[in-house]
Amino acid sequence: MPSRLSSTDPAIARQVERQMRNWELASTQRVTETLPSQSTSLVEDFICVSRQVGADGRRVAKALGNRLGWPVFDREILDVMAGDDTVRRQIYASMDGRDLSWWEEALRSLMQSEFVRNDYFRKLSETLLSLTRQSHCILVGRGADLVLPTEVGFRARLVAPIAIREKRLADIHCLTSNEARQYLKRVEVERRRFFHNHFGVDLEDPTRYDMTINLDRFSCDDAAGLILQARALRAA
């Protein structure tokens, strides 16, 4: 599912630049750390936020990023990074030989899957592996939880009743109720196709996640707090 956005979009370009500055700061902080001599399967800790169409995953991700001081890479930003060769080269340039060796092996394993891998998916996977190799981060959408190593990170799913999601989409995109309903159905079909074609999984499979939160029952800030509490409990 290729991006409909471009790095020439001023608003998205500014977001990418801001996130890259955050990433560069995090990367700089790693310079003085002593890394294991063998890091063939390690990435930095991350949180993947998956959400139903219309559920407010961005606000939850932003709250998580603010509390942890981690950069947030949402769907639009990941799409631009995956589609912009200059941005990807900037990320790759900071990787040393050990990073690149791990990156190449991880990417090779992904591409050997039985499912069709198009050029967009390859670039998206390259970007996700590069970012998490170098920096703690929050990742929103794009099946990041399925690309990255299962033994690392925390994976949360955000859901909400369809009426709430339709209303939010109507407000965001200035749609009528019927238009919002049709929009939601169309995007859900696209997402299901994307996950089936690239991962061979059911989009709604709850076993992919460490926890699922109903945003009709909890505010976005509360949801962020619950994710951090569950993450701490699992690590204990």
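The rules behind these values
- Residues numbered from 1 in each chain as written.
- Predicted model: local features only at pLDDT ≥ 70, side-chain atom pairs only at ≥ 80, totals over all residues.
- Heavy atoms only, no water.
- Buried < 20%, exposed > 50% of the residue type's maximum accessible area, 1.4 Å probe, protein only.
- Helix = DSSP H or I, 4+ residues; strand = E, 2+ residues; numbered from the N terminus.
- Pairing = 2+ DSSP bridges.
- Axes fitted to C-alpha atoms, helices over the stretch in contact; angles between N-to-C directions.
- Parallel < 35°, antiparallel > 145°, perpendicular 65-115°, else oblique.
- Contact = heavy atoms within 4.5 Å.
- Expected span 1.5 Å × (residues − 1).
- Polar contact = N/O pair within 3.5 Å; in protein donor to acceptor, adjacent residues only side chain to side chain.
- Salt bridge = Lys/Arg side-chain N within 4 Å of Asp/Glu carboxyl O.

Q: Can you explain the pairing of strand β4 (residues 154-159)? Please cite residues and give values.
A: Most of β4 sits out of view: six of its six residues are buried. Here β4 shows no split at all, with F154, A156 and L158 on one side and R155, R157 and V159 on the other all buried. Taken together, the five bridges between strand β1 (residues 46-51) and β4 define a ladder with parallel strand orientation. Its bridge partner lying in β4, C48 is registered against R155.

Q: So what about the packing of helix α8 (residues 162-173) against helix α9 (residues 177-199)? Which residues, and what values?
A: Taken N-terminus to C-terminus, the directions of α8 and α9 make an angle of 105°; their axes are 9 Å apart at the nearest point. As the angle between them shows, α8 and α9 are arranged roughly perpendicular. Mapping the contact onto sequence places I162, R165, E166, L169, A170 and H173 in α8 and A180, R181, Y183, L184 and E188 in α9.

Q: Please set out helix α6 (residues 119-134) residue by residue, giving values where relevant.
A: Its 16 residues place the ends of α6 23 Å apart at the C-alpha level, agreeing with the 22 Å of an ideal helix rising 1.5 Å per residue. Counting buried positions along α6 yields 14 of 16 residues, so the element is predominantly enclosed.

Q: Got a sec to walk through the side chain of T132? Specific residues and values, please.
A: Counting through the fold element by element, T132 comes out in helix α6. T132 gets classed as buried once you look at its relative accessible area, which sits at 0%. From its side chain, T132 meets the backbone oxygen of L128 in a polar contact 2.8 Å long.

Q: Outline the pattern of salt bridges, supporting the account with residue identities and numerical values.
A: If you walk through the whole model with that rule in mind, you get ten salt bridges. With a shortest N-O distance of 3.2 Å, R165 and E188 are connected by a salt bridge. Residue R165 is found in helix α8, and its partner E188 is found in helix α9; the two are separated by 23 residues along the sequence. Among the residues examined, R165 registers a relative accessible area of 5% and is labelled buried. Residue E188 is classed as buried on the basis of its relative accessible area of 18%. Within the structure, one salt-bridge network assembled from shared partners comprises D56, R59 and R168.

The quantities given are spatial measurements derived from coordinates; they are silent on function.
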